[in-house]
Amino acid sequence: MSHRITYRPTGILLSSQIGEVNIAVDGTSVDVTLTATTGQLSILSERYYAYGGTVTLYDIGSLIEAEMQSSGLSYATFTLTVGNGTAVHDSVTLSVLYCDRYTLCTNAEVSLAENYLTTLQHRRIAPGDTLSLFYFAKAGESLQASVTVRFRMVGSEVVWPPAHFTLNKGQTASTSGVVQLNISQDYFISQFAASNLTKGFDWEVVAMDVSVGQRAATLYVDRSLEMLAHTFLFRNAFNVWDAATLPAITKAKTAVDRSTAVVNGTSSFYNQKVTKTYESEIGPLTSDECDWLDQLATSHSVMRFVANPCEDSDPVLFAPVLITDSDFEVSDTDEKPNTVKLTWRYADNRAMVATQCSPGIFRSPYTLPYS
């Protein structure tokens, strides 16, 4: 008796492209097991009974995506095994890159070699912000990144000739997987200022072009944006962290739900529940930004930056957020600017309140007037 898996893909698979898995069964039943990379976690372990000598597994891509979501992975390998009891008749290894969107790409490896793991290759960022770009690299592939930066002096509108920097010089990927590349404006400013014998606070970044191999992204610094006020951090379609820093007007709304009891002629409240929600109108936006923000509205993990004045060494914290409603007004005409409205709240059921704390040396040695 022998069972055989007829679904045998090669290369990198997008999770959304994993199709039906057909198993040729010799007998009445087959035991099927799907395990994650380590071989210790069983995602699927069932006995199936054949019809016409065949068992078909549907939508195992959703099982794999659920596991990758819970473990925070965007790339992993999975092993599908068939047999009877402890006897293994056949197995196949699936190398999977997380992608929860429908795509017509027939060769994922070519696309991954030419793109970062984001669908927005041209974006706005806030002054002083550090942006992380993720990409898939094969074992032995060069990780060297070339960054072209345009600077101007603070208070001036004159843009200086571009300066060129190299990150991860000479480094290669030891194994196939997802690589995180951090693009820090402060780092480039410090390097540029040192080369010009000036101070870092004299300069600001205007734009950056970042390339790794055939991948390219352009980042524009928008001086009207603030990281704390205008940024949503979310896991995108590839389950990597993406940051949306865009112009927005946010309104806060507080709703109170409570019951009233009358005791001895006196009314009082009980079972009080306070809900604080926020409505952000984001825009004007390009059509590319609108299409990309769809991933924010449907992301399974979203955060906001929150100031932490109580600790100088960790001035910014992350607060989980729930996107409860969204409204996309996208047009292919130039008559009306594109906008997106998001209704959201912090995941904690208690309403968020900003704490106050005096920074630096003025915490305890000095009296209130000097703080």
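Each remark here, short or long, concerns the structure printed above.
All of these numbers come straight from a predicted model, not from anything done at the bench.

Sorry if this is basic, but what is going on with the overall build of the protein here?
When you go through the protein residue by residue, the secondary structure sums to five helices and 22 strands. In summary, the protein has a C-alpha radius of gyration of 26 Å against a globular reference of 21 Å for 371 residues, an excess of more than 25%. Taking the principal axes of the C-alpha coordinates as reference, the protein spans close to 85 × 80 × 55 Å. A total of 371 residues make up the protein; the buried ones form 38% of that total. For the protein, the accessible area works out to roughly 20500 Å², and carbon and sulfur atoms hold 51% of it. Between the centroid of the 25 positive side chains of the protein and the centroid of its 38 negative side chains there is a distance of 5 Å.

Even after reading the chapter, I still don't get the packing of aromatic side chains, so can you show me in this structure?
The way to describe two aromatic rings as a pair is by their centre distance and the angle between their planes. Here the structure, examined in full by the defined rule, presents 15 aromatic pairs. Between Trp-160 and Trp-203, the ring centres sit 4.8 Å apart and the planes meet at 85°, which makes this aromatic pair edge-to-face. On the criterion of sequence distance, the pair formed by Trp-160 in the loop between strand E11 (145-153) and strand E12 (163-167) and Trp-203 in strand E14 (residues 203-212) is long-range, its members being 43 residues apart. Assessed through its relative accessible area of 4%, Trp-203 is described here as buried. When the centroid spacing of 5.6 Å and the interplanar angle of 85° are considered together, the rings of Phe-232 and Trp-344 count as edge-to-face. Highlighted residues: Phe-232 in strand E16 (residues 231-235) and Trp-344 in strand E22 (residues 338-346), separated in sequence by 112 residues. There is no split in this pair, since Phe-232 and Trp-344 are both buried. Members of the aromatic cluster, each reached through a chain of ring pairs, are Phe-151, Trp-160, Phe-165, Tyr-187, Phe-188, Phe-192 and Trp-203. Positioned over the ring face of Phe-269 is Arg-258, at 3.9 Å from the centre of the ring. The positively charged end of Arg-304 is found above the aromatic ring belonging to Phe-232, 4.5 Å away from the centroid.

Help me out: how do you make sense of the side chain of Thr-148 in this one?
Its location among the elements puts Thr-148 in strand E11. Of the residues examined, Thr-148 reaches a relative accessible area of 18% and is grouped as buried. A polar contact is formed between the side chain of Thr-148 and the side chain of His-164, at a distance of 3.1 Å. Not counting chain neighbours up to four residues away, the residues in contact with Thr-148 comprise Pro-162, Ala-163, His-164, Ala-207, Met-208 and Asp-209.

Honestly, the pairing of strand E4 (residues 29-35) in this entry has me stumped. Any pointers?
Two faces belong to every sheet, and in a regular strand the side chains alternate between them. In terms of burial, E4 is a largely internal element, six of the seven residues being buried. Bridge analysis of E4 against strand E5 (residues 42-49) gives seven bridges, and the strand direction is antiparallel. Residue Val-32 lies in a different strand from E5, and its bridge partner there is Glu-46. Judged from the five bridges that link them, E4 and strand E7 (residues 75-84) form a sheet pairing that is antiparallel. What sits directly across from Asp-31, in E7, is Gly-83.

How do you make sense of unusual backbone geometry when you look at a structure like this?
Excluding glycine, a negative phi dihedral is what most residues carry, and trans is how most peptide bonds are arranged. For the peptide bond that leads from Gly-283 to Pro-284, omega is 0°, which places it in the cis range. One can find Pro-284 in strand E19 (residues 266-285). Of note, Leu-197 is a non-glycine position whose phi angle comes to about 55°, a positive value. Summarising the element assignment, Leu-197 is placed in the loop between helix H3 (185-195) and E14. Assessed through its relative accessible area of 78%, Leu-197 is described here as exposed. If you check the backbone angles, Asn-239 has positive phi at about 65° while not being a glycine. For Asn-239, the position within the fold is in the loop between E16 and strand E17 (241-245).

What should I look at first to understand the environment of Val-149 in this one?
Within the secondary structure, Val-149 is located in strand E11. On the accessibility criterion, Val-149 (0% relative accessible area) is buried. With 95 residues separating them along the chain, Val-149 and Ala-244 place their C-alpha atoms 21 Å apart. Each residue touching Val-149, except ones within four places of it in the same chain, is listed here: Pro-162, Ala-163, Phe-165, Phe-188, Val-205, Ala-207 and Met-208.

Looking at this model, I keep getting lost on the pattern of salt bridges. Mind explaining?
Opposite charge on two side chains makes pairing possible when the charged atoms of those side chains draw close. Counted under the stated rule, the structure contains 14 salt bridges. Between Arg-124 and Glu-289 there is a salt bridge whose closest N-O contact spans 2.8 Å. Highlighted residues: Arg-124 in strand E9 (residues 122-125) and Glu-289 in helix H5 (residues 287-298), separated in sequence by 165 residues. On the basis of relative accessible area, Glu-289 is assigned to the buried category, the value being 3%.

Calculation rules
- Residues numbered from 1 in each chain as written.
- Predicted model: local features only at pLDDT ≥ 70, side-chain atom pairs only at ≥ 80, totals over all residues.
- Heavy atoms only, no water.
- Helix = DSSP H or I, 4+ residues; strand = E, 2+ residues; numbered from the N terminus.
- Rg over C-alpha atoms; globule rule 2.2 N^0.38 Å.
- Buried < 20%, exposed > 50% of the residue type's maximum accessible area, 1.4 Å probe, protein only.
- Areas by Shrake-Rupley, 256 points an atom, 1.4 Å probe, with all protein chains shown as cover.
- Lys, Arg positive; Asp, Glu negative; His and termini not counted.
- Charge placed at Lys NZ, Arg CZ, Asp CG, Glu CD.
- Phe/Tyr/Trp six-rings, centres within 6.5 Å; stacked < 30°, edge-to-face > 60°.
- Lys NZ or Arg CZ within 6 Å of the ring centre and 35° of its normal.
- Polar contact = N/O pair within 3.5 Å; in protein donor to acceptor, adjacent residues only side chain to side chain.
- Contact = heavy atoms within 4.5 Å.
- Pairing = 2+ DSSP bridges.
- Salt bridge = Lys/Arg side-chain N within 4 Å of Asp/Glu carboxyl O.

Coordinates in, geometry out; function isn't part of it.
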